[in-house]
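Reading the structure
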Amino acid sequence: MPRRRRAERGPAPQSAPDGGDAPLIARADRFSVQDLIVEAGFGIGARPTRLIMTTLGTVLGIASLVVTIGFAQTAAGQIASQFDAVAATQVVIEPGSASGLNGTERATGSLPWDAPDRVSRLAGVELAGLVTEVPLDAVTITAVPVNDPSEPPTLGPALMATSAGLLDAVRGHLVTGRYFDAGHDARSDRVAVLGSRAAERLGINRVDSQPSIFIGDSSYTVIGIIDQVERRPDLLDSVIVPLGTARADFGLTSPDELQIQIALGAGKVVAAQAPIALNPNAPENYEVQAPSSGSALRDNVQADVNVVFLILGVLALLAGGLGIANVTMLSVMERVGEIGLRRALGATKRNIANQFMVESVVIGLLGGLIGAALGVFAVVLVSVVQGWAPVVDPWLAAGSALLGAVVGLLAGVYPAVKASNIEPIIALRGGT
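Quick caveat: nothing in here was measured; it's all calculated off a predicted structure.

Turning our eyes to something else, we now look at the environment of V144. Assignment of secondary structure puts V144 in the loop between β5 (141-142) and β6 (158-162). The class for V144 is partly exposed, based on a relative accessible area of 46%. In sequence terms V144 and S219 are 75 residues apart; their C-alpha atoms lie 9.5 Å from each other.

This brings us to the packing of aromatic side chains. Within the structure shown, the criterion is met by one aromatic pair. Taking NZ or CZ as reference, R247 lies 4.1 Å from the ring centre of W113, over its face.

Mapped onto the elements, Q259 comes out in strand β12 (residues 257-262). A polar atom in the side chain of Q259 sits 2.6 Å from the side chain of E257. If near-sequence neighbours (up to four positions away) are discounted, Q259 is found in contact with Q90, V91, V92, L127, A128, G129, V131, L166, A169, V170, R231 and R232.

The next thing to look at is the packing of helix α11 (residues 336-344) against helix α12 (residues 349-386). Angle between the axes and distance between the axes are the two parameters that describe a pair of packed helices. The N-to-C vectors of α11 and α12 enclose an angle of 140°; their axes lie 10 Å apart at closest approach. It follows that α11 is oblique to α12 by the angle criterion. Once α11 is placed against α12, the crossing between them reads as right-handed. For the pair α11 and α12, the contacting residues are E338, I339, R342 and R343 in the first and K349, I352, Q355 and F356 in the second. For the contact of α11 with α12, the per-class residue count stands at three nonpolar, one polar and four charged.

Basis of the calculations
- Residues numbered from 1 in each chain as written.
- Predicted model: local features only at pLDDT ≥ 70, side-chain atom pairs only at ≥ 80, totals over all residues.
- Heavy atoms only, no water.
- Helix = DSSP H or I, 4+ residues; strand = E, 2+ residues; numbered from the N terminus.
- Buried < 20%, exposed > 50% of the residue type's maximum accessible area, 1.4 Å probe, protein only.
- Phe/Tyr/Trp six-rings, centres within 6.5 Å; stacked < 30°, edge-to-face > 60°.
- Lys NZ or Arg CZ within 6 Å of the ring centre and 35° of its normal.
- Polar contact = N/O pair within 3.5 Å; in protein donor to acceptor, adjacent residues only side chain to side chain.
- Contact = heavy atoms within 4.5 Å.
- Axes fitted to C-alpha atoms, helices over the stretch in contact; angles between N-to-C directions.
- Parallel < 35°, antiparallel > 145°, perpendicular 65-115°, else oblique.
- Left-handed = near helix turned anticlockwise from the far one by under 90°.
- Nonpolar A, V, L, I, M, F, W, Y, C, P; charged D, E, K, R; others polar.

Function-wise, these values are silent; they only describe arrangement.
See the structure below:
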């Protein structure tokens, strides 16, 4: 009976080897967390040069990741802002069309001549202008009144007719002279403005001497030359006359297109209200091209750019992780004797594995913190120098630092397992 009760209470405490009363420490309790951290810290700091070289790989990987994603976000913002300045503030309205019985397209409506005035009263509309191509048939545009029959025939510039406010609506720029105004349009004056490429073909580069061009047999005074058009670059290859002049001289019946410059974000409202302002009875007779919302545009551009930059960042980070794995594995090989001695003193396989895992995690975390800081600094510095607005997600910096620790953890798995499987006797023989 006494034996059974003692067995139920568990084994008796072991005595010290010298016969004293102090109990032996259990095997699992010989190495605490504090011991693990101390050993890992000693292993990391024992070779400062190697620590710097190992950390440098992670620093470069994390910094590359932060820089590439940061530049991707910044570039996407710049592209979106540039696109917003042109396409996101432009609405184009054309007459609708339908297919006839013979398959030909026919217009179902027409733009009124006072269309710019009608839409200018809408909220969000800043500028508006009409533009249309004038068919010339056999009529040619030249800079001299006499045609030389010995010269080979050349294709002359196109003839376009616009309202007085079109140049501002399409973000055009005059290099010399002026654009015609509403008075020229109302009087059907024979004046013309040349696109820069059309002016070069006609041999005209100044307007102070009031040069003339000839459309057929009629003379038109050149009053200006434009050299930049953001929304209708085809105007640079054209001769431009007032709408009133085109109606009087060429029988123009209706304009082809209404260009509207709007405030950013007003595309949806203007697209819905402009056809009603042009023709309340049949607004469906117009085709409207309006920009999407700025946020959707920015998200699409940023997503496309991020894919390329993210791949580059991941490759750089992978290189940093391989560097940690290689150096940690080399450290295991060099510390075989130390590992054998610790195993002989009672360290378990888990203790050895945990030590090398902690070393890898600390190296990765240190490299992640330094790399994230350098990456953010590089993005801000380059953006300031270039005059851009730097875009860096705060979560990107914090996540990149933690990612360095994760990379160190993954990179240390194999070396830690390799170290823990070294037998004490073999390790002591190999390390001596």
